Amino acid sequence: MMDEDDLQLMKDLGQKASFLTRDLSSSEPVHAKKRKHERVIDKYEKIPRTLQSAPEKELIHLLPIKDKSGIIPQTREKLVIDSNKDEEDREEELELEEEVTEEPVRELTTEEHLIERKKKLQEKKMHIATLASAILSDPESNIKKLKELRSLLMEQDPDVAVTVRKLVMISLMELFKDITPSYKIRPLTEAEKSTKIRKETQKLREFEEGLVSQYKFYLENLEQMVKDWKQRKLKKSNVVSLKAYKGLAEVAVKSLCELLVALPHFNFHNNIIVLIVPLMNDVSKSVSEMCCEAVKKLFKQDKLGQASLGVIKVISGFVKGRNYEVRPEMLKTFLCLRIKEVEVKKDTEDINKPKKFMTFKEKRKTLSRMQRKWKKAEEKLERELREAEASESTEKKLKLHTETLNIVFVTYFRILKKAQRSPLLPAVLEGLAKFAHLINVEFFDDLLVVLHTLIESGDLSYQESLHCVQTAFHILSGQGDVLNIDPMKFYTHLYKTLFKLHAGATNEGVEIVLQCLDVMLTKRRKQVSQQRALAFIKRLCTLALQVLPNSSIGILATTRTLMHTFPKTDLLLDNDSQGSGVFLPELDEPEYCNAQNTALWELHALQRHYHPIVRRFAAHLIAGAPSEGSEALKPELSRRSAIELFEHYSMAAMTFNPPVEFSDSKRKDKVLQGESFLNEDLNQLIQKHCTEVAHQSSLDFTKYLRTSLK
């Protein structure tokens, strides 16, 4: 307890301290601030207090669960986005935009832009070349650089993106063609992976695994580029325009075609086939032709037939799936197949029987000890030679060819049965004509009936009907010799329609006619009568007057062959008639037109032809087609077939073949002076001449020709 005196002293001291410490400039009483502070505290105390707790989470009420105990409610927390963070991010973005806008970039002129693009492109080219050369120099060590090079297929610089991607596609394609081994790489088994191996073997395995994986990714990239072009869809980055997609897709298709032909033995070849075959029927003509040419090249170089069989299977399924509404070029690729013989059932056991080595017991019975020793060494050498040669057996090759040809014929017969008015029919008939000698004899009768029905229907074009005739005689010239079938209706059809050929659009059909005549008359000489041979020779000589020079040469060469094959036909070179009757040129039956009572007056007109080779052939035939003497042909003409002469002297380039030779300079000057006259009036003269020829009948043609030539 404190005394009253002490208490009074403390109060006095308190008053003095406040006097000494308080602010003299203030006029407020000494205890005014204390009272004010007390009021603030009172106000603060009156405010309701809240505890700092976690923010309430929003709940999403789900479907309740019913249990034995009852219904259990189910809830889930709703994600809450922190608005403060979003605001901070927006503020940072705004600050960055302000910084960017503060420093405006100067726009480049067109010239500067081109220079900059050229510089970038050169750098990319050097980078591609460096990577490619490193991979080629040591593929096993630098296989990882394939990934770096492949990453350039995703080039994002819009100035050089298209060009760089094209260069990378071509570079990778050439690299894979060079570094790919000559065998198929198979995946390793679990036992092989767990086995301890040498470093060299491990390095080779890593190289093979990396090569296969990068090759797979590369093919996927090419496929994606083609799909992007077909779907006409832009990527999010918009680095490549829609117009550039076509160029990229064409380069991708070209790379796929090159790999299809160059690596038929390597992995993913069937995947490439599945990509290429639909593109053979593409709307773009360039893409379609590119793929068809690649498939033809593959067929021509495929000696075994494994790759060809894979392509044929896919094409056959594609044609059937499209209900035979595809380009004819797809089926024309079948003509390039290297199939000359197939497997026959009765001879299967006799084909390429494997050589059996003697057993130990057989050796012991028949051979002495020294002979057994030599025999053992000989057999060991034979086995080593077989392994070193590694040649495919004839039996396997025949099996593949047989299976391939079966699929081809199934496709052909389906079209003949279901799509006779399809544009694929010419390709089918042409294919049947080529492979007719390999068709099973059981189908010959039905096939000949179908071909004759097609000809008689009148729905075929002239060239298609010629293919039907050609197919029929190819069938009869092979295994069909044993059949008792009279093809007279096909002879009649060809004889009747020969005059449809002329110097216009049908001139290309002369080649098929020459092939048909070779099969119908020359190769079947024993079944052809003299009357039939005379009628065809007479009609061919008349036909030679109205076709182009190369066709005339081919027809006259065929006439020469027929005169050698049927020696008695030289009576057409005499004026005397043989037997009774008059020649009936308008009759469509070669057996009854009395061709023995006419002469080959057309040869005299052809002797004055403007083409020197036609004149030479006409003079040769008038002399009786001798093999020796002054009227004999030169070896370059006599040794060539009619089809070879037709192709050699073709005028497809719209130039004289052989070129016109001038005898002297004066004649050349005269011709040059008369060029202006020819250029002005040539069209009128040709039109007038053609009109006059069209109105002349076939009987008056000789008289008109002589007067016009004079």
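Residues numbered from 1 in each chain as written. Predicted model: local features only at pLDDT ≥ 70, side-chain atom pairs only at ≥ 80, totals over all residues. Heavy atoms only, no water.

If you look the protein up in an unreviewed UniProt entry, it shows as Nucleolar complex protein 3 homolog from Octodon degus. Recorded under Subcellular location (unreviewed entry), the UniProt text for the protein is reproduced unchanged: "Nucleus, Nucleolus". (UniProt positions renumbered as here; feature names shortened; annotations may be inferred.)

Now for the pattern of salt bridges. Here the structure, examined in full by the defined rule, presents 14 salt bridges. For Glu 192, the salt bridge is made with Arg 186, and the minimal N-O distance between the two is 2.7 Å. Measuring nitrogen to oxygen at the nearest pair gives 3.4 Å for the salt bridge that ties Glu 223 to Lys 227. Highlighted residues: Glu 223 and Lys 227, both in helix α8 (residues 199-231), separated by four residues, approximately one helical turn. The partly exposed category is assigned to Glu 223, whose relative accessible area is 27%. Linked through salt bridges whose partners overlap, the residues forming this network are Lys 120, Asp 157 and Asp 159. (Salt bridge = Lys/Arg side-chain N within 4 Å of Asp/Glu carboxyl O. Helix = DSSP H or I, 4+ residues; strand = E, 2+ residues; numbered from the N terminus. Buried < 20%, exposed > 50% of the residue type's maximum accessible area, 1.4 Å probe, protein only.)

Together, Lys 303, Arg 338, Lys 340 and Lys 397 give the surface a local cluster of positive charge. Structurally, the position occupied by Arg 338 is in the loop between α13 (328-332) and α14 (360-366). (Patch = residues over 30% accessible without salt bridge, like charges linked within 9 Å, V, L, I, M, F, W, Y side chains within 5 Å. Areas by Shrake-Rupley, 256 points an atom, 1.4 Å probe, with all protein chains shown as cover. Lys, Arg positive; Asp, Glu negative; His and termini not counted. Charge placed at Lys NZ, Arg CZ, Asp CG, Glu CD.)

Attention shifts here to the packing of α8 against helix α9 (residues 242-262). Two elements in contact, α8 and α9, have axes separated by 8 Å at closest approach and are oriented at 140°. Relative to α9, the element α8 lies oblique. Handedness of the α8/α9 crossing: left-handed. Listed contacts from α9 to Tyr 215, Tyr 218, Leu 219, Leu 222, Met 225, Val 226, Asp 228 and Trp 229 of α8 are Tyr 245, Lys 246, Ala 249, Ala 252, Val 253, Ser 255, Leu 256 and Leu 259. Tallied by class, the residues present in the contact of α8 with α9 amount to 13 nonpolar, one polar and two charged. (Axes fitted to C-alpha atoms, helices over the stretch in contact; angles between N-to-C directions. Parallel < 35°, antiparallel > 145°, perpendicular 65-115°, else oblique. Left-handed = near helix turned anticlockwise from the far one by under 90°. Contact = heavy atoms within 4.5 Å. Nonpolar A, V, L, I, M, F, W, Y, C, P; charged D, E, K, R; others polar.)

Let us now look at unusual backbone geometry. With the exception of glycine, the majority of residues adopt a negative phi angle, and the majority of peptide bonds are in the trans configuration. One non-glycine residue, Asn 594, lies in positive phi territory at about 55°. Relative to the helices and strands, Asn 594 resides in the loop between α23 (549-565) and α24 (602-606). With phi around 55°, Ala 625 is a residue other than glycine that occupies positive phi space. For Ala 625, the location among the structural elements is in the loop between α25 (612-622) and α26 (635-638).

Of note, His 467 is situated in helix α19 (residues 462-477). Leave out the neighbours within four places in its chain, and His 467 touches Pro 426, Leu 429, Glu 430 and Ile 512.

So, on to the pairing of strand β2 (residues 71-77). Sheet topology places strand β1 (residues 59-66) next to β2; six bridges connect them, and they run antiparallel. Bridge pairing in β2 links Leu 59 to Glu 77. A loop of four residues connects β1 with β2, the two strands running antiparallel in sequence, and Gly 70 in this loop sits at a positive phi of about 140°. (Pairing = 2+ DSSP bridges.)

This part is about the packing of aromatic side chains. The tally for this structure, following the rule as stated, stands at eleven aromatic pairs. Geometrically, the ring pair formed by Phe 473 and Phe 490 is edge-to-face, given 6.2 Å between the ring centres and 75° between the ring planes. In this pair, Phe 473 sits in helix α19 while Phe 490 sits in helix α20 (residues 488-497), placing the two residues 17 residues apart along the sequence. For the pair formed by Phe 473 and Phe 490, the shared burial category is buried. Their ring planes at 75° and their centres at 5.5 Å tell us that Tyr 495 and Phe 536 sit as a pair that is edge-to-face. With Tyr 495 in helix α20 and Phe 536 in helix α22 (residues 530-543), this residue pair connects regions lying 41 residues apart in the sequence. Here the two residues Tyr 495 and Phe 536 agree in accessibility, since each one is buried. These aromatic residues form a ring-pair network of at least three members: Phe 176, Tyr 215, Tyr 218, Phe 266 and Phe 268. Residue placement shows Arg 532 over the ring face of Tyr 491; its charged tip is 4.3 Å from the ring centre. (Phe/Tyr/Trp six-rings, centres within 6.5 Å; stacked < 30°, edge-to-face > 60°. Lys NZ or Arg CZ within 6 Å of the ring centre and 35° of its normal.)

Here the focus is a nonpolar patch on the surface. There is a patch of nonpolar side chains on the surface, built from Tyr 610, Phe 656 and Val 660 and spanning about 330 Å² of accessible area. Among the secondary structure elements, Val 660 is positioned in the loop between α27 (642-648) and α28 (665-673). Val 660 sits in the exposed class, given a relative accessible area of 53%.

Attention now moves to the packing of α22 against α23. A pair of packed helices can be characterised by two numbers: the angle between their axes and the separation between those axes. Between α22 and α23, the shortest axis-to-axis distance is 9 Å and the interhelical angle comes to 160°. The angle between α22 and α23 places the two elements in the roughly antiparallel class. Between α22 and α23 lies a crossing whose hand is left-handed. Across from Ile 537, Leu 540, Cys 541 and Leu 543 in α22, the residues of α23 making contact are Ile 555, Thr 558, Thr 559, Leu 562 and Met 563. Per-class residue counts for the contact of α22 with α23 are seven nonpolar, two polar and no charged.

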